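Structural overview for review
The primary structure of each chain is shown beneath.
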Amino acid sequence: MKAVLINPNRVVQRDDPFTTGIVYMPVCLASVAASLVASGVETVVIDAFGERPRQVRRHGQFSLYGLLPQEVSERMPEDSLAVFVYAINLTNHLATVEIVREVKRGYPRVPVVVLENTQAVTAYALKHVAQEFYEAGADFILTGEAEERAIHLSRCLAEGAEADQLRKIDGLGAPEFYNTPVGHIRDLDALPFPAWDLFPLRNYWSIRHAHGPTETGRYLPLLTSRGCPYPCQFCVVPEMNDASWRARSARNTVDEIEVYSRKFEVTEFHLEDLNPTISETRTRDICRELLRRDLKVTWKIVAGTKVESIKSEETIDLMARAGCRYISISPETGSRRLLKLMRKPFDLRHAVRIVKRMNEAGIRSQACFVLGFPGETSEDLQMTWDLVRELTWVGVDEIGLFIVAPVPGAAIYKEFAGYHNLSQLTFSPTWRADYPALSRFRLRLYIHFLLWKLRAHPLKMLRQVLNFFRRRFETKMEMAPYRALVASWSGLRAR
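Throughout what follows, the structure given in this document is the object of discussion. All figures in this text were calculated on a predicted structure; none of them were measured in a lab.

1. With respect to the overall build of the protein
Each helix and strand in the protein was counted, giving 17 helices and 18 strands. For 495 residues, the compact-globule estimate of 2.2 N^0.38 gives 23 Å, and the protein sits close to it at 22 Å. Within the protein, the proportion of its 495 residues that are buried is 65%. Across the protein, every contact between residues at least 6 apart in sequence was considered, and the portion connecting residues at least 24 apart equals 79%.

In structure tokens, the structure reads:
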């Protein structure tokens, strides 16, 4: 009997292909697959997006990429033990629900489990929205880190465990009960490396865009640590990780890089950690281990990191020598008052200093900001404007401007209303009453950023244009127009 893992379709908001529809390779699902295989559970992966990434259909205001729900169901093995449908991120919610409904319709006796993603700011806490999954046919939700829990649940189901035994599994929820997950995986080095051999990697590489900027034909995501110690109010991570940060060792991290560079001939790696540089000592150890082994690879911190944890310019120089080519940081706002409301600790002056050194060392940089946080004023927005201008002059390569939407599990989740579908909770929440004003501000700031950059760093602007046409992306801002053009063209062909 086989455990079936399903990654859902990619979902694009049709009126905003620039900030929605980002391709995230399912690194945590690949880790669960590896753990199941290592434990002796026969495992099958159905990647609804990855198996047919160019097939597209319309669903109201969204475009869905990948297999049709019935095509997913048709790929199900007859001897399925259980189906784990991965709730990879919030935008993909409607696709996840569709798959749950279709699989349950086709295989009513097979337990369907919705699997939580605990390691992404784009994810959501399933306990807050479990009822919608149950109504679609899900038997369980599995919250918390899934590697050990999925093994335990699979074994219980294989042995025909009674309901009272299932009630003892922490992190497991059903219509009749919910058990809060207890604890986190402490020894991350003990986990097997993600089972990418079960996924259609060549299909991901063929579309030439990803979450992080892709320069080569092949890349893989890495998860070198888990959790985040900070309590940001707009983020789901504090609830799902209990302000806990745990890290893999430098040797184990570089072992994975070396294994996959040989197995898949990959030379580009994207760190998807929530906060990979919390320990500067570990960051330096990773760099030294890469240099010691003389691995000819590049790596990029694409999901963001806490810039204060990169304490010195010397660390930046070491990262550059070890192959680091991109670092994303998250100031969120230029307003110290708003940072306090967000409960977001951030040293604005340190960020300016480190961005300047990244520019000097040849590491591309991104600074991300959120707009529309509850309590934000025009004065706060002006401070963000001023900080973006200052960062541009010292060499930041790109900015990301995201309008706040409530994420199930975030502290501000219940402060918003007006949306009708969880997939509407994107970085362009058009349902917000103040969206037009925030959207205009965002557009004006993007335009001014490009003008400031053209004046301060004209050669960089020329390089970015060339990168776009060569499809060798050093920044997300080079890649986003390409992704949007592809999405718009394919959207015209959508059924």
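What follows picks up the thread again.
2. Let's talk about the sheet that holds strand E11 (residues 220-222)
Taken in spatial order, the six strands line up as E11-E14-E15-E16-E17-E18 in an open sheet, and their pairing is parallel. Whereas interior strands pair on both sides, the edge strands pair on one side only; in this sheet they are E11 and strand E18 (398-403). Between one strand axis and the next, the sheet turns through 20° on average, direction left out of account. Where strand E16 (residues 324-332) and strand E17 (residues 364-371) come together, five bridges link them in parallel fashion. Bridging from a neighbouring strand, tyrosine 326 pairs with arginine 364 of E17.

3. Details of helix H9 (residues 250-263)
Every α-helix winds through 3.6 residues per turn, so residues three or four apart in the chain are directed the same way. In a regular helix each residue adds 1.5 Å, so 14 residues correspond to 20 Å; H9 covers 20 Å between its end C-alpha atoms and thus fits that length. For H9, the complete set of buried residues consists of Ala250, Asn252, Thr253, Val254, Glu256, Ile257, Glu258, Tyr260 and Ser261. Each element contacted by the buried residues of H9 is listed here: E11, strand E14 (268-271) and helix H10 (280-293). Immediately downstream of H9, the backbone of glutamate 265 shows phi near 55°, a positive value.

4. Side note on the sheet that holds strand E2 (residues 10-13)
Pairing within the open sheet is antiparallel, and its three strands lie in the order E2-E5-E4. Strand pairing shows two members of the sheet lacking a second neighbour, E2 and strand E4 (56-59), which therefore form its edges. The sheet shows a mean angle of 30° between the axes of neighbouring strands, taken without regard to direction. Looking at chain direction, E2 and strand E5 (residues 62-65) are connected through four bridges and run antiparallel. Across the sheet, the residue bridging to valine 11 is leucine 64, located in E5. Against the sheet, helix H3 (residues 93-106) contacts E2, E4 and E5, and its axis sits at roughly 55° relative to E5.

5. Considering the environment of isoleucine 88
Relative to the assigned elements, isoleucine 88 resides in the loop between strand E6 (80-87) and H3. Here the alpha-carbon distance between isoleucine 88 and tyrosine 65, two residues 23 residues apart in the chain, equals 14 Å. With residues up to four places along the chain from it excluded, the contact list for isoleucine 88 reads Asn7, Pro8, Tyr24, Pro26, Asn117 and Ala123.

6. Considerations on the packing of aromatic side chains
Within the structure shown, the criterion is met by 12 aromatic pairs. Among the aromatic residues, those joined into a ring-pair cluster are Phe193, Tyr260 and Phe264. Above the ring of tyrosine 65, the side-chain terminus of arginine 10 is found at 4.5 Å from the ring centroid. Here lysine 306 stacks its cationic end above the ring of tyrosine 230, 4.9 Å away from the centre of that ring.

7. Concerning the nonpolar core
Among the nonpolar cores identified, the biggest contains 105 residues, and Phe84, Trp196, Trp299 and Ile327 are the most heavily contacted of them. Take this core: its biggest share by element is eight residues, from helix H1 (residues 27-38). The contact partners of phenylalanine 84, leaving out residues within four places of it in the chain, are Ala3, Val4, Leu5, Ile6, Val113, Leu115, Leu142, Ala150, Leu153 and Ser154. Listed in part, the 54 residues of the second largest apolar core include Met76, Val97, Ile99 and Tyr419.

8. Overview of the pairing of E14
Neither face of E14 is open: one carries Glu268 and His270, the other Phe269 and Leu271, and all of them are buried. Bridging between E11 and E14 involves three bridges; their strand directions are parallel. Bridge pairing in E14 places leucine 222 opposite leucine 271. Pairing of E14 with strand E15 (residues 298-305) involves four bridges; the strand directions are parallel. Residue pairing across strands places glutamate 268 opposite threonine 298, the latter belonging to E15. Taken together, E14, H10 and E15 form a β-α-β motif whose crossover is right-handed.

9. Considerations on a nonpolar patch on the surface
A cluster of nonpolar residues, Leu443, Ile447 and Leu451, forms a patch on the protein surface that exposes about 290 Å² of accessible area. In this structure, isoleucine 447 sits in helix H15 (residues 435-456). You can call isoleucine 447 partly exposed: its relative accessible area is 43%.

10. A short note on the packing of H15 against helix H16 (residues 458-470)
At a closest axis distance of 5 Å, the pairing of H15 and H16 adopts a crossing angle of 115°. Note on element contacts: H16 touches H15 through Pro458, Lys460, Met461 and Gln464, opposite Leu450, Lys453, Leu454, Arg455 and Ala456.

11. Here's the deal with the packing of H1 against helix H5 (residues 146-158)
One way to put it is that H1 packs onto H5 with a least axis distance of 9 Å and a crossing angle of 45°. In this view, H1 runs oblique relative to H5, as classed from their interaxial angle. Crossing angle aside, the handedness with which H1 passes H5 is right-handed. In this structure, H1 contributes Cys28, Ser31, Val32, Ser35 and Leu36 to the contact, and H5 contributes Ala146, Glu147, Ala150, Ile151 and Ser154. Residues belonging to the contact of H1 with H5 are distributed by class as follows: six nonpolar, three polar and one charged.

12. What to know about the side chain of serine 35
Along the chain, the position of serine 35 falls in helix H1. Sequence-distant contacts of serine 35, defined by excluding residues within four places in its chain, comprise Glu147, Ile151, Leu191 and Pro192.

13. Describing the pairing of E15
Of all eight residues in E15, six are buried; the element is thus mostly enclosed. Taken together, the four bridges between E15 and E16 define a ladder with parallel strand orientation. Bridging across to E16, lysine 300 finds its partner in tyrosine 326. The handedness of the E15 to E16 crossover, carried by helix H11 (residues 313-321), is right-handed.

Rules used throughout
Residues numbered from 1 in each chain as written. Predicted model: local features only at pLDDT ≥ 70, side-chain atom pairs only at ≥ 80, totals over all residues. Heavy atoms only, no water. Helix = DSSP H or I, 4+ residues; strand = E, 2+ residues; numbered from the N terminus. Rg over C-alpha atoms; globule rule 2.2 N^0.38 Å. Buried < 20%, exposed > 50% of the residue type's maximum accessible area, 1.4 Å probe, protein only. Contact = heavy atoms within 4.5 Å. Pairing = 2+ DSSP bridges. Axes fitted to C-alpha atoms, helices over the stretch in contact; angles between N-to-C directions. Expected span 1.5 Å × (residues − 1). Phe/Tyr/Trp six-rings, centres within 6.5 Å; stacked < 30°, edge-to-face > 60°. Lys NZ or Arg CZ within 6 Å of the ring centre and 35° of its normal. Core = buried A, V, L, I, M, F, W, Y, C linked by side-chain atoms within 4.5 Å. Right-handed = clockwise from strand over helix to strand, strands pointing away. Patch = residues over 30% accessible without salt bridge, like charges linked within 9 Å, V, L, I, M, F, W, Y side chains within 5 Å. Areas by Shrake-Rupley, 256 points an atom, 1.4 Å probe, with all protein chains shown as cover. Salt bridge = Lys/Arg side-chain N within 4 Å of Asp/Glu carboxyl O. Parallel < 35°, antiparallel > 145°, perpendicular 65-115°, else oblique. Left-handed = near helix turned anticlockwise from the far one by under 90°. Nonpolar A, V, L, I, M, F, W, Y, C, P; charged D, E, K, R; others polar.

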